[in-house]
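Listed below are the residues making up each chain.
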Amino acid sequence: MYKLLVLLLNFSFLSYADDKIKSQNLLEDPACPQLKNLCSNLSNNSENLLVLECIDTFQTSEYDLNIDSQCQHAIYSKKLELMNDKNVHSLLERSCKDIEVLNTYCQPDSKEYSGKYLSCVLDNRDIIKDLICKGQIQRIETVAFSDFRLISKFLTSCSNDIEKSNCGRLTKNSKSTQGDTLSCLQMQISQLSDNCKKEIYHISELQADNIKFDRQTYMACNNDVKKFCSDMRGYEIYKCLMKNKNSQQMSKKCESQLNRRSSLMGQDYRISRGLAKACKEDIKLNHCRKGTSDDKDIRLAQILLCLEAAHKNNSKLLPDCLAEIFDHRKMLMEDYKLSPEIIIDCSEELTRFCTNTEGSQTIHCLMDHAKPRKKKELRVSAQCLRAVENLIKVTDVSEDWRVDPVLRKACKPVVDQVCGNDVEGNSRVMSCLMEKLGTKYMAGPCEAALLQIQYFTARDFKLDAMLYSQCKEDAIKFCHAKKTWADVNDNQMDPERGPIILPCLYRYAYHPDPKMQLTQNCFTEIKRVMRERAVSVDLIPEVEDVCLDDLAEFCFDKTQKGEEMECLQQHLEELTKECKKAVTSYTEEESAHIELNPLIRSACSDALEKYCGNIMAGREDGDVMECLISLKNDVLKQNIKCRAAIEHFQLISLKNYVFTHKFKEACKPYVNRYCPNSSTKYDVIACLSEIMTKDTIKDHKHSLPKDCRMQVRSQLLQQRENIDFDPKLKNTCKKDIETFCYKVDKDFGQVLECLTSNQNKLSTNCKHAVFAIKKSELTDSKTDFALMTTCKGMLKQYCENIDDANVLKCLKLHKDENMFDKKCHMIVVNRLILQNQDYRFNPDLQQACSKDIADYCTRIIVEAKENEEMNGKVINCLKQKFREGKLQTKCEKQMTVILHDQALNYKLNPLLAAVCKSEIDILCRMDDENDEEGQVEECLKRQFIEKKIITKECKVEIATLIQEAKADIHVDPILLKACTVDLLKYCSNVESGNGRQLKCLQIILNDETKSKALEDDCREKLQQRVEMFNNAAAVMPQPESFQDLYETVSNSPARKYFMIVMFTFVGFIFIIGLFFGRVTNKRYTALKNK
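Read on for an overview of the structure. Everything numeric in this text was worked out from a predicted model, so none of it was measured.

One pass over the structure, following the stated rule, counts 31 disulfides. Note that Cys-32 is cross-linked by a disulfide to Cys-71, the S-S spacing being 2.1 Å. With the S-S dihedral at roughly 120°, the linkage between Cys-32 and Cys-71 falls on the right-handed side. Of this pair, Cys-32 sits in the loop between α1 (2-15) and α2 (35-38) while Cys-71 sits in helix α5 (residues 69-82), placing them 39 residues apart in sequence.

As enumerated under the stated definition, the model contains five aromatic pairs in all. Ring centres of Phe-478 and Tyr-508 lie 4.5 Å apart, and the angle between their planes is 15°; on these two criteria the pair is classed as stacked. Here the residue Phe-478 occupies a position in helix α28 (residues 465-479), and Tyr-508 occupies one in helix α29 (residues 498-509), the gap between them amounting to 30 residues. For the pair formed by Phe-478 and Tyr-508, the shared burial category is buried. Aromatic pair Tyr-657 and Phe-663: ring centres 6.1 Å apart, planes at 85°, arrangement edge-to-face. Phe-663 carries the same exposure label as Tyr-657, and that label is buried. The positively charged end of Arg-261 is found above the aromatic ring belonging to Tyr-238, 4.7 Å away from the centroid. Here the guanidinium or amino end of Lys-966 rests over the ring plane of Phe-1029, the centre of that ring lying 5.4 Å away.

Residue placement: Gln-257 occurs in helix α16 (residues 252-267). Relative accessible area serves as the criterion here: at 15%, Gln-257 is assigned to the buried category. Among the polar contacts listed, one links the side chain of Gln-257 to the side chain of Arg-260, at a separation of 2.5 Å. When neighbours within four sequence positions are excluded, Gln-257 is seen to be in contact with Ser-183, Gln-216, Thr-217 and Ala-220.

Right, let's talk about helix α39 (residues 640-653) for a bit. Here α39 contains 14 residues, and its C-alpha end-to-end distance of 20 Å stays within 8% of the 20 Å for a straight helix at 1.5 Å per residue. Most of α39 is tucked away, with 10 of its 14 residues classed as buried. Residues of α39 that are buried: Cys-642, Arg-643, Ala-645, Ile-646, Glu-647, His-648, Phe-649, Gln-650, Ile-652 and Ser-653. Buried residues along α39 sit in contact with α33 (563-570), α34 (577-592), α35 (598-603), α38 (623-631), α41 (681-697) and α42 (706-721).

Cut-off values and rules
- Residues numbered from 1 in each chain as written.
- Predicted model: local features only at pLDDT ≥ 70, side-chain atom pairs only at ≥ 80, totals over all residues.
- Heavy atoms only, no water.
- Disulfide = S-S within 2.5 Å.
- Helix = DSSP H or I, 4+ residues; strand = E, 2+ residues; numbered from the N terminus.
- Phe/Tyr/Trp six-rings, centres within 6.5 Å; stacked < 30°, edge-to-face > 60°.
- Buried < 20%, exposed > 50% of the residue type's maximum accessible area, 1.4 Å probe, protein only.
- Lys NZ or Arg CZ within 6 Å of the ring centre and 35° of its normal.
- Polar contact = N/O pair within 3.5 Å; in protein donor to acceptor, adjacent residues only side chain to side chain.
- Contact = heavy atoms within 4.5 Å.
- Expected span 1.5 Å × (residues − 1).

Here's what the structure looks like:
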C-alpha cells in the first residue's frame, strides 16, 4: 500500500509542470555532480523532493564521505527553498483534494521562510482523510526532519540554550551534528529555557510519528527494528521498541536512545503518539487538559491519572484508549526514566541504593528502601517516598498485577497454580496472592514483590481497585473521602491514606445502628482488606508508624506471617505509650473479627470453614473466637497447631479485658462502675465474680445483667482449663506445681485438680489461692471446667434446661442412676465432698442458714483465717443446733439434706472421715458402690454397739451421728428406706423434724399389739436404733460448764422430768431452810433475853 502510494505521488509530480516552483533541478546542479551516481534510480528531470528523499537514505558516514561542503550547502539551500511556506502550500495543493479543509486551519506566511505553515500542517494532519494527501505530508515531513532548522522557530528559540548547554554550534554543512545537537538538548530538557523547551517538545512530538524523523534513534535502532518490529509502521515502531527495551537482545545504542525518548515521554504525554491519538477524544471529554493551553506540556502521569480516574468513576473510555493506558502503565513500571518525579526527587537514592539494578528492579529497590523500618541512613527521603507513591498510584498495580514486570515474573507460577480462575489480570489475582501468603504455594520472590506493592496499597484505599469500586459511596458518605479517584489539578496528588479512610470504613462496618452500617458489598471488601493487612505490620500503618522503635527492640527477628503483631502483643506492657495504645486498639478489633488474626486463620482454616462458617459469613462480632474456643477441647483436640493459636490469643487476652470482645461488650459499663481499679482482665473477672457470688449467697437481685454474668462464667471456665490462663495461681503455686504436679498436663484443668487433691500439703499462699478458686467453682458450677467438660453428656441428658446455679444440684440428683457416666459420677461426689468441708462452698447452705450461723457459730467464723478451710466446723456447729431443734425451718431442711447425703457417703462428712479413718479401713472397708449406700456409716454404728470402736474421738462422732438421727428420721437413710411404708401408713399426719416421726414409730414399736403391724425390716431397724440411742447417750461428752449443763438438759427429750426433779430438790431445800431458820431465831431471842 505504501509503495503504491509513493508511485501515485511520483506520477502526479511527473504529470504536472510546476509553475509555482521555478528552481534548478538538484541533480543538474554543478555543485553536486555526484548525486547522479548516488541516486542513479532517478531521472535527470526528477523534482527536488524526490532527490532530497534519496539523500535522506544515506548513512551518516556515506553522507560525510561523498557530499562535500559545496554540495551540502546546495542541498540545504534547496531544502530551505522547498520548505518555504508558499512552496509547501503549492506542493499540497497539487496532491490534496481536501486542501480547503486544511486551509481553514493553516495559511502560508508571506515571509520567505517562517516554518509556521509546515508546523501547522503537521499539527493538523489528522483532519486529512485523503490517503494521497497524507502521503505527501509525510514525504515533506521526512525531508524537513533531515534538518531540524527547517522546523518552525527552533533555531531562533534554542540558539542560546545550545551555547549554554554545550550541545555544539550549528553549521550549515554537517548533517550528523544536527541530530546530535537536538539529542543533546532533549537529554537536558529540564535545564532549557521555556521557549526552547516548548520547541523541543513540539519537535519530539512530531518525531513520534515516524522513527525516521529522529535520526539518532533511527540510525541506532535500525537493526533492532528489523529484529523486533519488522511488521510495524509509524509510531507503532516506537511502541514495539519500548516493549523490548529491557530485552537482552536489544543493542545498547538503541537502548540509550530509547531512554532519551522515555524521559521526554514522561514530560509530555503527546510524545507518546499512540496514547495521544487513541485517547484524544477521552482526554477532551474528561477535561484532562483543563486549565492549560494546547501548547503547554502535560506530564504522562497526569494524563494517565485523569483517564484512570474517569474510568474508575464509571466513565466509559474507548477500547483503544484503555489498551494504551494499560501499555503505558506497564512502561512506567518497567522504566523509571518515564517518571520525571522519580528521576528528580530520587536522584540521590538511585545512586546510593539502586546502582546495580535495572528496569523495574530499580523501582522495587526504591520501594524496599521506602519502608520506615529501614535505618534512617538506608531510607529514602520524603520527596522520593512521595514520588514512589505517585508512581504506584499512576500505574495502579493493584488493579492489574501484570503491569509490574517484577511481580509478573515472580508470581506467574503461583498464579498459574492457585489463582487460575483469575488470570485475566483483574485485581482478584492480587487478593488471591495475598491469601496465599504463608502457605506452601507462595514463593519467596513473589512474597517480597507482593508485600512491596501492598505496603503502598495499604496506605491509600483508592489503590485497591476492588475496595474502591465497592466502598466509594460509603467512603464519601461516612468518611468525607474525595468524590474523584484522583485530583489531577493537585500537583501533589495527596493520597488518601489508610489510617484516615480505611479505619473509618472499618468502624462503620460494625456500627450498632443498621442505618449507619456499610453496604454488604463494601462490608465484604473491608473484611477482605483487613484480613490481607493482618499478614504483616508493614501493611498496618496505624501500628507500624508509631511502633518502629519497639519493633526494632523486641521483634527484629520476627519475619513470618503475623509474628510481628504477635510479638508486640506479647510485649504489650513494655511498649512505648503511643505504640501500646495502637497495639491495644488493634488487638481489641482483632478479638472481635477473626480476619485480623492470620495465625488463627491459617492454623484453623479447616475448622473455621467446617464448624464456624455460618458465623464468619455475617458480622460475627467475636462469635467466631467463641466458636473456636468451644471446639478447642472437643473436635480440635488433636489439631495441635490450631489449639496453640487459640491458646495464644487467650493468653494475650489476659492482658486487658477489652481483648475479649463479647466480654467487653457485655460488661464494660459494669467494669467501669464496680471495678475501676482493676488493671488486668484477671482482676476484672475476679471483681465481677465476687459481685455475682455475693448476690447469689444473699439472694439479692443480680447487679450484673445476664449477658455479663454469662461472659464472666465463660472467662472463669477458660481460666480453669489451663494453668497458663490463671497467671495469679500459676505464680502463687509455682513451687507446689513443681513438687506435686510436675507430671500433670497443664491443659484440661488437670493442674488445678492436682492442687486440690494435694491441698493439705500445699504452701499457705497456694492453699489460699486454691481455696478462692474452689469457692468460686462451688458457688457457680458453670465455672468448673473439670465438671462441665467431664459431665458434658450428662448435663445434656439430665440438666439441659436447668438454671446455671443448680447444675451441681441437678447432677447430684441423677448421679446414682444406672446410665450415669462413672467419670462424671466421681467428679460430682468429689465436689459434694468439697462442699461439706466449708460452709462457704455451699451457697444453698449460706443462703438458708445465714441467720443461724450468725446466732450460733460466730465464734468459729471469727477465729477462722481468711481463705482457709474450716474443715466442717460451721457445719458441725449447725449439726449440734439441728440436734437441739433450734434451727429455723429453712436451715433445718437444708441441714437435713446435708446429713442425709453424709449418711449415704461418709466421705461427705470430713470429721467422721478423719477421726474414724483407721476404723473404716480395718472394720468397715467397702467397695466404691457400697460407699454411697450408707453402708460404711451403718457398719460403724454396728461396731459401736458391739463396742469394737476403740478411739474415743471416733466413738463420740458416731454417737453424735446416732443422736442426729433422733432429731429427724430423714437423716438416717437406711432406717427411712426400711420404714417408708410404715411412715405413710401410721405417721403420715405427723410433721417431720424435731424427731416427731421417729417418736411416732417408737410408740407403735412399744405397743405390743401394734408392733407386729410394722414391716419386719422396719421393726428390726427400729429396735437397733433404740439400742444405739441408749448406748450413744452414755458416750456423749459430759457438760464442762453450767451453760453446757443447761443446754444439755434443755435439749434432752426428758427435760420435763429433769425440771420436776430440779424444782422438787429446790423446794425441799427451801422448806428445810425455813424450818432451821425458825429454830435459830428462837434460840437467838432466848439468849438475848437471858
